[in-house]
Amino acid sequence: LMVAKIFEEISVAAQSYTGNARTAIEYGLFQKRLMDRSKEADDYSADEWLGLKEFVTDDFQRIGNFKEVMTFEDMVGFLQAWAPTQHWEGSFKRVSEYDNVVFLELEERVKVGNELQAVNSVSVYEFDQAGKIRHLDVYLQAVPGEVKKGEAYDK
């Protein structure tokens with residue numbers, strides 16, 4: 001059964017899901033909130049990223065879009081440095097769940113300075129029996145060299 005792609009605000013789409021699919025979406029929303037806070041809130045602390053621990057197992061591992069392997073600590077360090085320098089937004093396309101694996105498809109848009117890039121992403125979340133993320137694989141699809149300068153995102 002094919003799940004239809006839709007473009008929807010991620011927080012709105014989250015309301016339609018429960019279980020591991022909802023957890024995968026909430027994990028991303030947590031990161032979005034902190035990315036925004038890192039640039040906007042006077043009381044932001046880089047230690048807030050440690051809150052991601054509630055979503056993951058002790059032996060969590062993330063394989064990034066460049067095949068880099070990260071532990072939880074590695075990922076938190078990366079996000080603490082990356083978040084204040086980037087503006088990120090995304091649109092929900094679809095999510096599928098099979099056994100303990102969730103496939104989440106988004107369109108992600110990143111702005112660094114005056115450069116904008118949109119990519120399609122699929123993140124594959126593997127959960128343990130307690131509903132914690134044990135492993136995460138991130139896959140990106142982009143047009144090589146396509147970076148737009150000075151344009152605002154409409155979606």
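Our structure is the block above this text.
Notes on the structure in this doc start here. Since this is a predicted model, take the numbers as computed values, not measurements.

Describing the layout of surface pockets
Empty pockets left among the atoms are what a rolling probe the size of a water molecule brings to light.
Then, number 1: What the largest pocket holds in volume is close to 870 Å³.
Then, number 2: Around the largest pocket, the lining is made up of 34 residues, and of these Arg 62, Trp 82, Trp 88, Glu 108 and Leu 140 lie nearest the centre.
Then, number 3: Of all the secondary-structure elements, those providing two or more residues to the lining of the largest pocket are helix H2 (19-40), helix H3 (72-82), strand S5 (101-112), strand S6 (115-127) and strand S7 (133-141).
Then, number 4: Among the elements that take part in the lining of the largest pocket, S6 stands out by supplying seven residues, more than any other.
Then, number 5: Partitioning the lining of the largest pocket into residue classes produces 21 nonpolar, eight polar and five charged.

As for the nonpolar core
Then, number 1: If you look at the biggest cluster of nonpolar residues, it comprises 35 residues, and the most contacted ones within it are Tyr 27, Trp 49, Leu 52 and Tyr 125.
Then, number 2: Among the elements of the structure, helix H1 (10-14), H2, strand S2 (56-63), H3, strand S4 (87-98), S5, S6 and S7 are those that each provide at least two residues to this core.
Then, number 3: Ignoring any residue separated from it by four or fewer positions in sequence, one finds Leu 52 in contact with Tyr 27, Phe 30, Gln 31, Phe 72, Met 75 and Leu 79.

With respect to the packing of aromatic side chains
Then, number 1: Taken as a whole and judged by the stated rule, the model has six aromatic pairs.
Then, number 2: Note on Phe 30 and Phe 55: the rings are 5.7 Å apart at their centroids and 70 degrees apart in plane angle, and the pair reads as edge-to-face. With a gap of 25 residues between them, Phe 30 in helix H2 and Phe 55 in the loop between H2 and S2 connect regions that are remote in the sequence. Of the two residues, Phe 30 and Phe 55, neither departs from the other in class, the shared state being buried.
Then, number 3: Both rings, one in Phe 78 and one in Trp 82, keep their centres 5.8 Å apart while their planes meet at 20 degrees; by these two values the pair is stacked. You can see Phe 78 and its partner Trp 82 sitting in helix H3, four residues apart, about one turn around the helix.
Then, number 4: For Phe 78, a relative accessible area of 33% translates into the label partly exposed.
Then, number 5: Taking the relative accessible area as the measure of exposure, Trp 82 reaches 24% and is therefore partly exposed.

Description of the environment of Ser 96
Then, number 1: For Ser 96, the position within the fold is in strand S4.
Then, number 2: Along the backbone, Ser 96 and Val 124 are 28 residues apart, and their C-alpha atoms lie at a distance of 9.7 Å.

With respect to the environment of Thr 23
Then, number 1: Counting through the fold element by element, Thr 23 comes out in helix H2.
Then, number 2: Residues Thr 23 and Leu 136, 113 residues apart in the sequence, show an inter-C-alpha distance of 13 Å.
Then, number 3: Other than its neighbours up to four places away in sequence, Thr 23 contacts Phe 55, Phe 127 and Gly 131.

Focus on the pattern of salt bridges
Then, number 1: With the rule as written, the count across this model stands at ten salt bridges.
Then, number 2: We note a salt bridge from Arg 37 to Asp 43, for which the minimum N-O separation is 3.1 Å.
Then, number 3: With a relative accessible area of 26%, Arg 37 lands in the partly exposed category.
Then, number 4: You can call Asp 43 exposed: its relative accessible area is 56%.
Then, number 5: The residue Glu 105 makes a salt bridge to Arg 94 at a minimum N-O spacing of 2.6 Å. On the criterion of sequence distance, the pair formed by Glu 105 in strand S5 and Arg 94 in strand S4 is long-range, its members being eleven residues apart. Side by side, Glu 105 and Arg 94 carry an identical accessibility label, which is buried.
Then, number 6: When salt bridges with common partners are traced through the structure, they connect Arg 37, Asp 43 and Glu 48 into a single cluster.

About the thresholds
- Residues numbered from 1 in each chain as written.
- Predicted model: local features only at pLDDT ≥ 70, side-chain atom pairs only at ≥ 80, totals over all residues.
- Heavy atoms only, no water.
- 1 Å grid on protein atoms, 1.4 Å probe; cavity = no way out; pocket = protein on both sides within 12 Å on 5 of 7 lines; lining within 4 Å.
- Points joined across faces, edges and corners; volume = space filled by probe spheres on them.
- Helix = DSSP H or I, 4+ residues; strand = E, 2+ residues; numbered from the N terminus.
- Nonpolar A, V, L, I, M, F, W, Y, C, P; charged D, E, K, R; others polar.
- Core = buried A, V, L, I, M, F, W, Y, C linked by side-chain atoms within 4.5 Å.
- Buried < 20%, exposed > 50% of the residue type's maximum accessible area, 1.4 Å probe, protein only.
- Contact = heavy atoms within 4.5 Å.
- Phe/Tyr/Trp six-rings, centres within 6.5 Å; stacked < 30°, edge-to-face > 60°.
- Salt bridge = Lys/Arg side-chain N within 4 Å of Asp/Glu carboxyl O.

Keep in mind that these numbers describe shape and distance, not what the molecule does.
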